[in-house]
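Report on the structure
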Amino acid sequence: TVFAGIADNNVPLTIDLKVGDTDKGSITLDTDALNAIKTAATSATQISTSMKADVAVDDLTSAQQTEVAKVSAKTPKVYSLSVVDENGASLAGNFGDGKAVVRLPYTKPAGNGNVKVKHVANDGTLTDVASTYEDGFVKVELAHFSEYLVYTEPEVIVTGGGSASTYTVKFNTH
């Protein structure tokens, strides 16, 4: 297959996601990730890669919905990343030793705060994912594709009050 030929070249594959000339992110699969997909796709005749932004809460499991609701005040955005065959079967449940570097578009709300990324497991478990934020994109390195939650954690500002034991705490949310 064409995909097997790409994987056999032993070089990473970058997929730039654009609408017209507008950058909508990217996915870079290293050679180990490509080989893991190739192994999973032994009988596939067609392979599709998808990055769905703004996943509807109704599309999540009830356990996922419960956990995502806990950060709803933090401007969350849910992404669903997948690699599937022509029948919709996942080919990216695990990249083995491989990694995918993904750039996700995310508009940070006005004000200060830290952009956070969490993996959203089917049972609703949220797991922190290391990320960086720059120029409207969150960059993450992933060992598998699934659902991921991106949000802004409000910055906590602590300022001194009138005496040494009095403080004012402000949550800067916008």
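Above this note sits the structure.
Rules behind the numbers
Residues numbered from 1 in each chain as written. Predicted model: local features only at pLDDT ≥ 70, side-chain atom pairs only at ≥ 80, totals over all residues. Heavy atoms only, no water. Helix = DSSP H or I, 4+ residues; strand = E, 2+ residues; numbered from the N terminus. Buried < 20%, exposed > 50% of the residue type's maximum accessible area, 1.4 Å probe, protein only. Contact = heavy atoms within 4.5 Å. Polar contact = N/O pair within 3.5 Å; in protein donor to acceptor, adjacent residues only side chain to side chain. Phe/Tyr/Trp six-rings, centres within 6.5 Å; stacked < 30°, edge-to-face > 60°. Lys NZ or Arg CZ within 6 Å of the ring centre and 35° of its normal. Pairing = 2+ DSSP bridges.

To continue, consider the environment of lysine 118. You can see lysine 118 is positioned in strand β6 (residues 113–120). The class of lysine 118 is buried, set by a relative accessible area of 14%. In sequence terms lysine 118 and alanine 130 are 12 residues apart; their C-alpha atoms lie 8.5 Å from each other. Look past the residues within four positions of lysine 118 in its chain and what remains in contact with it is Leu126, Thr127, Asp128, Val129, Glu147, Tyr148, Leu149 and Tyr151. Within the structure, lysine 118 has its side chain in polar contact with the side chain of aspartate 128 (distance 2.3 Å).

For the rest of this paragraph, the subject is the packing of aromatic side chains. Two aromatic rings are characterised by how far apart their centres lie and by the angle between their planes. Counted according to the given criterion, the structure contains 2 aromatic pairs. Measuring from ring centre to ring centre gives 5.1 Å for phenylalanine 95 and phenylalanine 145, while their planes differ by 85°; the resulting arrangement is edge-to-face. Linking phenylalanine 95 in the loop between β4 (77–85) and β5 (100–105) with phenylalanine 145 in the loop between β9 (137–142) and β10 (147–160), this pair joins segments that are 50 residues apart in sequence. Note on tyrosine 106 and tyrosine 133: the rings are 6.4 Å apart at their centroids and 85° apart in plane angle, and the pair reads as edge-to-face. On the criterion of sequence distance, the pair formed by tyrosine 106 in the loop between β5 and β6 and tyrosine 133 in strand β8 (residues 131–134) is long-range, its members being 27 residues apart. Directly above the aromatic system of phenylalanine 137 lies the positively charged group of arginine 103, at a separation of 4.1 Å from the ring centroid.

Attention now goes to the pairing of strand β1 (residues 13–19). Of the pairings in the sheet, the one linking β1 to strand β2 (residues 22–29) comprises 6 bridges and is antiparallel in character. Pairing of lysine 18 across the sheet is with aspartate 23, part of β2. Adjacent in sequence and paired antiparallel, β1 and β2 are bridged by 2 residues, among which glycine 20 carries a positive phi angle near 65°.

Next up on the list: the side chain of serine 80. Relative to the assigned elements, serine 80 resides in strand β4. There is a polar contact of 3.0 Å between the side chain of serine 80 and the side chain of glutamate 147. What serine 80 contacts, discounting residues up to four positions off in sequence, is Ser50, Met51, Lys52, Val55, Ser146 and Glu147.

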